[in-house]
Amino acid sequence: MVDNPLRYQKKFQDDPNEPVEGEQALAPVWLHVHATAATLTCSCGAPGSEQEGWLLLQHPHQRQVKNQDKMRNFLSIVSWVWFYCSWTTHGEVFTSIGQMTDLIHTEKELVQSLREYIRAEEYKLAAVKNWASKLDALTQVSTSDPEGYLAHPVNAYKLMKRLNTEWPELESLVLQNPSDGFVANMSVHRQYFPDAEDQTGAAKALMRLQDTYQLDSEAFSKGKLPGVHSNAELTVDDCFDMGKTAYNDADYYHAVLWFQQSLKQLDGGEEAVVSKAEILDYLSYSVYQMGDLPRAVELTRRLVAVDPSHERAGGNLRYFELLLSKQLNEMNQAYQPASEESIQLGTYTRPKDHLPEREAYEALCRGEGVQMTKARQSRLFCRYQDGNRNPRLLLKPMKEEDEWDNPHIVRYLEMLSDIEIEKIKELAKPRVRPEVLASCFLLANCLFVYKILGFQHKNTFLCTLSLTLQLARATVRDPKTGVLTTANYRVSKSAWLEGEEDVVIDRVNQRIEDITGLTVETAELLQVANYGVGGQYEPHFDFSRKDEPDAFKRLGTGNRMATFLNYMSDVEAGGATVFPDFGAVIWPRKGTAVFWYNLFRSGEGDYRTRHAACPVLVGSKWVSNKWIHERGQEFRRPCGLTEVD
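Scope of this entry: the structure provided in the associated data block. (Residues numbered from 1 in each chain as written. Predicted model: local features only at pLDDT ≥ 70, side-chain atom pairs only at ≥ 80, totals over all residues. Heavy atoms only, no water.)

Comments concerning the side chain of R545
- With respect to the helices and strands, R545 occurs in the loop between strand 14 (536–540) and strand 15 (560–567).
- Reaching out from R545, the side chain makes a polar contact with the side chain of E548 at a distance of 2.9 Å. (Helix = DSSP H or I, 4+ residues; strand = E, 2+ residues; numbered from the N terminus. Polar contact = N/O pair within 3.5 Å; in protein donor to acceptor, adjacent residues only side chain to side chain.)

Comments concerning the pairing of strand 22 (residues 621–629)
- Counting buried positions along strand 22 gives nine out of nine residues, so the element sits mostly inside the fold.
- Side chains of strand 22 alternate between two faces, with K621, V623, N625, W627 and H629 and W622, S624, K626 and I628 buried alike.
- Of the strand pairs in this sheet, strand 13 (residues 526–531) and strand 22 are connected by five bridges, and their pairing is antiparallel. Along strand 22, the bridge assignment pairs A529 with V623.
- Bridge count between strand 15 and strand 22: seven bridges; the pairing is antiparallel. The residue bridging L565 from the neighbouring strand is N625, located in strand 22. (Buried < 20%, exposed > 50% of the residue type's maximum accessible area, 1.4 Å probe, protein only. Pairing = 2+ DSSP bridges.)

Describing the packing of helix 16 (residues 418–428) against helix 20 (residues 503–516)
- Viewed as axis vectors pointing N to C, helix 16 and helix 20 meet at an angle of 120°, and their least axial separation amounts to 10 Å. Comparing the axis directions of helix 16 and helix 20 gives the class oblique. As helix 16 runs across helix 20, the sense of the crossing is left-handed. Of the residues in helix 20, those in contact with E420, K423, I424 and L427 of helix 16 are V504, I505, R507, V508 and R511. (Axes fitted to C-alpha atoms, helices over the stretch in contact; angles between N-to-C directions. Parallel < 35°, antiparallel > 145°, perpendicular 65-115°, else oblique. Left-handed = near helix turned anticlockwise from the far one by under 90°. Contact = heavy atoms within 4.5 Å.)

A look at the pattern of salt bridges
- Tallying each qualifying case throughout the model produces 36 salt bridges.
- Through salt bridges with shared partners, one network takes in D211, R350, D353, R358, E362 and E538. (Salt bridge = Lys/Arg side-chain N within 4 Å of Asp/Glu carboxyl O.)

Thoughts on the state of the cysteines
- Enumeration according to the criterion identifies one disulfide in this entry.
- The disulfide that involves C365 links it to C614, with 2.0 Å between the sulfurs. Between C365 and C614, the S-S torsion sits near -85°, and that sign places the bridge as left-handed. Placement of C365 in helix 13 (residues 358–365) and of C614 in the loop between strand 20 (611–613) and strand 21 (616–618) is noted, with a sequence separation of 249 residues between them. (Disulfide = S-S within 2.5 Å.)

Topic: the packing of aromatic side chains
- Overall, the coordinates contain 24 aromatic pairs when judged by the stated rule.
- Summarising the aromatic geometry, the rings of Y247 and Y282 are spaced 4.9 Å apart at their centres and angled 75° between planes, so their arrangement reads as edge-to-face. Residue Y247 is found in helix 8 (residues 236–248), and its partner Y282 is found in helix 10 (residues 276–289); the two are separated by 35 residues along the sequence. Exposure class is identical for Y247 and Y282. Each is buried.
- Measuring from ring centre to ring centre gives 6.2 Å for W496 and W627, while their planes differ by 40°; the resulting arrangement is tilted. Of this pair, W496 sits in strand 12 (residues 493–497) while W627 sits in strand 22, placing them 131 residues apart in sequence. Each of the two residues, W496 as well as W627, counts as buried.
- Among the aromatic residues, those joined into a ring-pair cluster are F240, Y247, Y252, F259, Y282, Y285, Y288, Y319 and F320.
- The side chain of R560 reaches across the aromatic face of W627, ending 3.6 Å from its centre.
- The cationic tip of R637 hangs over the ring face of Y597; the distance from NZ or CZ to the ring centre is 3.7 Å. (Phe/Tyr/Trp six-rings, centres within 6.5 Å; stacked < 30°, edge-to-face > 60°. Lys NZ or Arg CZ within 6 Å of the ring centre and 35° of its normal.)

Laid out in structure tokens, this is it:
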């Protein structure tokens, strides 16, 4: 029996893919504009820029707010121990619905802590008010006739007592800070809060869904998604922030859509923090960047009307009018006012990107362009699969359905039970290393840290501790450098599970071997993935191509021969597996699995198997997959007579 090399080395965490293109820094561009007839310098600036007589086209810097909490010495020590227990848990939260569910419970804990703080403040205020009422009545009597009041020895004594004892007690009450518990609780939870990268990632995910499923900004802002009725709505400020996210990334196409939606809702009477002038400022400049000078002029005129003293509006208007006039003269056309229709999805053409099959891929995700003809459908069958009379499948053979004829893709029904699915998800979800968790248990039990930190119950504290690195951002292997890295075209979190971790994993691995007839001894570990907001995996190959000879060299198991993909959840909308080359769409069905060969029998790659995981529109998508390698299959799948057998 061949030893699994993965047992004796660090878990392999990736598959070969196109190299990740590095993000290029967006450097400011300075232009000096001269009129043709006279020497005229125009000043035009992007929102957030400075005017210095030069045209500055640059992106506004995001505001950075620094907020440092001052903790008592003991709480600082506790925070350090907490950091020791869970420092590895911070990651890109938006990439996994499974991890984001932990934030729901965290927020509930914080709300409870906030309510306790409010009750403490109310109790304190009530006590102070009670003191004030009594002393107000008392001073009215004493000040009406001070000498007469103090003539009574009891009153003189009580005055001494009040000023010596009771007023200091009141001072102590006023100086009490009921916020200590809430602040401590916030300090503990803050390390798990999403950061700016998460917010940006979630915003870009909405834009990705907007593009893939052709949804306009209003549909998102009103929570109107296909087949979903929800009260989740975006405010004017939410839409503006979405636009700012795109704007800061020089994505003016999406910036225009979201600034326009923000303006539309503001014009509709919604209250907002952002002003109309600020929205028009960003919108007009973004429209200009899209090359729509007439609309940029009209929007800037609106900006001047709203705020005549705006620092950029006048200069930008003159500049836009100058460019428009020059453009019309060159085209020998008369000026035509911009369309009064609001900007919508489709008003402008989306810029092309790195993916050549983008349109076909997204169409398939919407269920469009599927090449399932009647002739092809007539060649698809269902059958019982006993794994060539495998003893474990004789009494209960697998139900096998053809999903596609050529290349042959099959689906297995009832591949995983609900119990097995929940166990796999449990194993993949975060958990801390045993030795670290033991230290944290000891800390919680001996020092009652959970009470000090504002938790009501020890179990809540320990559950929060149980976040770990197990489910981490999915990465890909740069085929040129061999470096594992995250990529924008793969948005999910994944974990790798060994058969020794639990009997369920071992049983699933054996079942895959029984069904396919291929050994899993040289296969990679079972990979479990959970897709987050707009989670996707753009078109890619599972196997390594000829220009990537070293992709799996360190494994020593050859190329990825086949893919076995388990669907561990139903998805309400989106999340299909698509094959753009031949127009196939496979929809997730919980408990089922699909299987296909990536290589011909000759070992040559089948380039038709380039596939993608469509963005999840609504729901949480869980999958697990097994990549089966060439070594050990020599007598299980012999070579054919031709290169493409």
